[in-house]
Each structure stands twice: as structure tokens, then as C-alpha cells.
Amino acid sequence: MILIEPASLKDLNDLRNLEKICFPVDNWPLLDLIGVLTIPGIVKIKAEFSGKFVGFIAGSVKQKEKTGWITTIAVMPEFQNQGIAQQLLKECESRMNVYIVKLTVRKSNSKAIRLYENNGYFQKEIWNSYYIDGEDAILFQKMC
Ligand SMILES: CC(C)(COP(=O)(O)OP(=O)(O)OC[C@H]1O[C@@H](n2cnc3c(N)ncnc32)[C@H](O)[C@@H]1OP(=O)(O)O)[C@@H](O)C(=O)NCCC(=O)NCCS
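Predicted, not measured: the structure shown is a model, and the values here were computed from it.

Caption draft 1: Structural detail: the overall build of the protein chain. Secondary structure summary: the protein chain contains four helices and seven strands in total. Taken from N to C terminus, the helices and strands of the protein chain fall in the order β-α-α-β-β-β-α-β-α-β-β. Taken against the 2.2 N^0.38 rule, which gives 15 Å for 144 residues, the C-alpha radius of gyration of the protein chain at 14 Å falls within 12% of a compact globule. Dimensions of the protein chain, computed from the C-alpha atoms along their principal axes, are close to 40 × 35 × 30 Å. The buried share of the protein chain, taken over its 144 residues, is 43%. Of the side chains in the protein chain, 18 bear a positive and 16 a negative charge, and the two mean positions are spaced by 4 Å.

Caption draft 2: Region of the structure containing the pairing of strand S4 (residues 67–75). In terms of burial, S4 is largely enclosed, as seven of its nine residues are buried. Here strand S3 (residues 52–62) pairs with S4 via eight bridges, running antiparallel. Residue phenylalanine 56 lies in a different strand from S4, and its bridge partner there is alanine 74. Once S3 ends, the chain turns through four residues before running back antiparallel as S4, passing lysine 66 with a positive phi of about 50°. Pairing of S4 with strand S5 (residues 100–106) involves three bridges; the strand directions are parallel. Residue tryptophan 69 lies in a different strand from S5, and its bridge partner there is lysine 102.

Caption draft 3: Just the environment of methionine 1, in detail. Considering the arrangement of structural elements, one finds methionine 1 in the segment before strand S1 (2–6). By relative accessible area, which is 81% here, methionine 1 ends up exposed. Once the C-alpha coordinates of methionine 1 and serine 50 are considered, the two residues, 49 residues apart in sequence, prove to be 7.2 Å apart. Ignoring any residue separated from it by four or fewer positions in sequence, one finds methionine 1 in contact with Glu48, Phe49 and Ser50.

Caption draft 4: Geometry of the sheet that holds strand S6 (residues 122–127). On the basis of which strands lie adjacent, the open sheet formed by seven strands has the order S1-S2-S3-S4-S5-S7-S6 and mixed pairing. Looking at strand neighbours, the two that pair on one side only are S1 and S6, the edges of this open sheet. Neighbouring strand axes in the sheet, compared pairwise and without regard to direction, differ in orientation by 25° on average. Two strands pair when backbone bridges link them, and S6 and strand S7 (residues 137–143) are joined in this way by five bridges, in the antiparallel orientation. Its bridge partner being in S7, glutamine 123 is matched across the sheet by phenylalanine 140. In this fold helix H3 (residues 84–96) packs onto S1, strand S2 (42–49), S3, S4, S5 and S7, with an angle of close to 30° to the strand it touches most, S3. Packing of helix H4 (residues 110–118) onto the sheet brings it into contact with S4, S5, S6 and S7, and relative to S5 it is tilted by some 160°.

Caption draft 5: Representation of the site of the ligand within the structure. Lining the immediate environment of the ligand, one finds 21 residues, of which Ile73, Val75, Asn81, Gly83 and Asn109 sit closest. Within the complex, the protein chains bury 69% of what would otherwise be the 940 Å² of accessible surface of the ligand. Contributing elements (two or more residues each) for the shell around the ligand: S4, H3, S5 and H4. The element best represented in the shell around the ligand is H4, accounting for six residues. Class assignment of the residues belonging to the shell around the ligand gives a composition of 11 nonpolar, eight polar and two charged.

Rules of the game
- Residues numbered from 1 in each chain as written.
- Predicted model: local features only at pLDDT ≥ 70, side-chain atom pairs only at ≥ 80, totals over all residues.
- Heavy atoms only, no water.
- Helix = DSSP H or I, 4+ residues; strand = E, 2+ residues; numbered from the N terminus.
- Rg over C-alpha atoms; globule rule 2.2 N^0.38 Å.
- Buried < 20%, exposed > 50% of the residue type's maximum accessible area, 1.4 Å probe, protein only.
- Lys, Arg positive; Asp, Glu negative; His and termini not counted.
- Charge placed at Lys NZ, Arg CZ, Asp CG, Glu CD.
- Pairing = 2+ DSSP bridges.
- Contact = heavy atoms within 4.5 Å.
- Axes fitted to C-alpha atoms, helices over the stretch in contact; angles between N-to-C directions.
- Near = heavy atom within 4 Å.
- Areas by Shrake-Rupley, 256 points an atom, 1.4 Å probe, with all protein chains shown as cover.
- Nonpolar A, V, L, I, M, F, W, Y, C, P; charged D, E, K, R; others polar.

Given below as C-alpha cells:
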């Protein structure tokens, strides 16, 4: 049974581990991880399997514009392809409660791109050399 529930600062070590495994090139520094788990206005959700931290998503809400940004999503490799990212995405969208959800993804990340397209996101723009290693980003958007 996968449990989808809010994350907190108690999940810092698990989140750090997940980030290192899932984002080998550009995982977030410790301060950003503390920020994402503590700043009000950020929706943070984890996936657990038998008490083990197996996935995470964060969404930053801009209330004035009724817009949300998915800032990170990741699932432990051994738990991928079971629909966990999709569950995290749906829960985050629902808790953000906004009209528009946006996110960026590496042009080469075909798995994540499929996830977003299968969940109603469409490609809006290309941001050239957006990532630290020079890769382009695709800006995706969804109207909720
Ligand atoms: C991108 C990522 C979050 C997807 O996580 P995931 O949990 O594997 O995603 P899902 O399981 O919801 O969907 C993945 C695939 O599994 C399939 N799937 C869903 N439920 C399934 C099930 N019960 N049985 C078998 N396959 C299933 C989906 O149809 C999808 O197939 P597709 O890739 O052919 O379209 C994950 O690969 C990851 O953490 N990558 C590294 C970090 C990253 O790149 N994050 C995105 C940054 S923008």
C-alpha cells in the first residue's frame, strides 16, 4: 500500500537521499531542501511504502495569480512505474487549488515529459540553456 501524505522537516534526511539518487547532476543544496519542507505556501507531499520514504513532490503557490509551480518531483528508482508520480502530481494539484499549474523539465527527460502530457500538461515554451549543464528546459502548463 502506498500512502500519500504531507511531508515535514522530519523527512529531511530521506528527501536528501532521494534527491541525490534521482538528480545526480543538480540535486538541491541542503538549505533549499530545508526551505521546501518549511516555507508556508509550499505544498509538500511524500509517498511512503511500509513506512519507507519512496517519493516526493513540492508545489509553490502564488495565491494572487492563482498559479502553482511544481518545483520538484521524484520517485525512488525501485518504486518507479507503479503510478506513484501520478498520484503525487494529482494530490499536489488538488492541494494547491489554483487555476494554472506550471513546471519545467529537461528536454531529454522523456519519462517525465510523458508523465506530464498524460496528465493534461501542454508544452508552452522552450527555455534555452536553462539548466546548469546547458540543457534546454520545456515549460509545461496545465489549466485546472
Ligand atoms: C519522472 C518520475 C518522477 C516518474 O515517476 P514514476 O512513479 O515512475 O511515474 P508513474 O509510475 O506515475 O508513471 C511512469 C510510467 O509507469 C506507468 N505505470 C503507471 N502505473 C503503473 C502500474 N501500476 N504498473 C505498471 N506501469 C505503470 C505509467 O503509465 C508510465 O508509463 P510511461 O512512462 O510509458 O508513460 C521518475 O522517473 C523520477 O523520479 N525520475 C527522476 C527525477 C525526475 O526526472 N523528475 C522529474 C523532474 S522534471
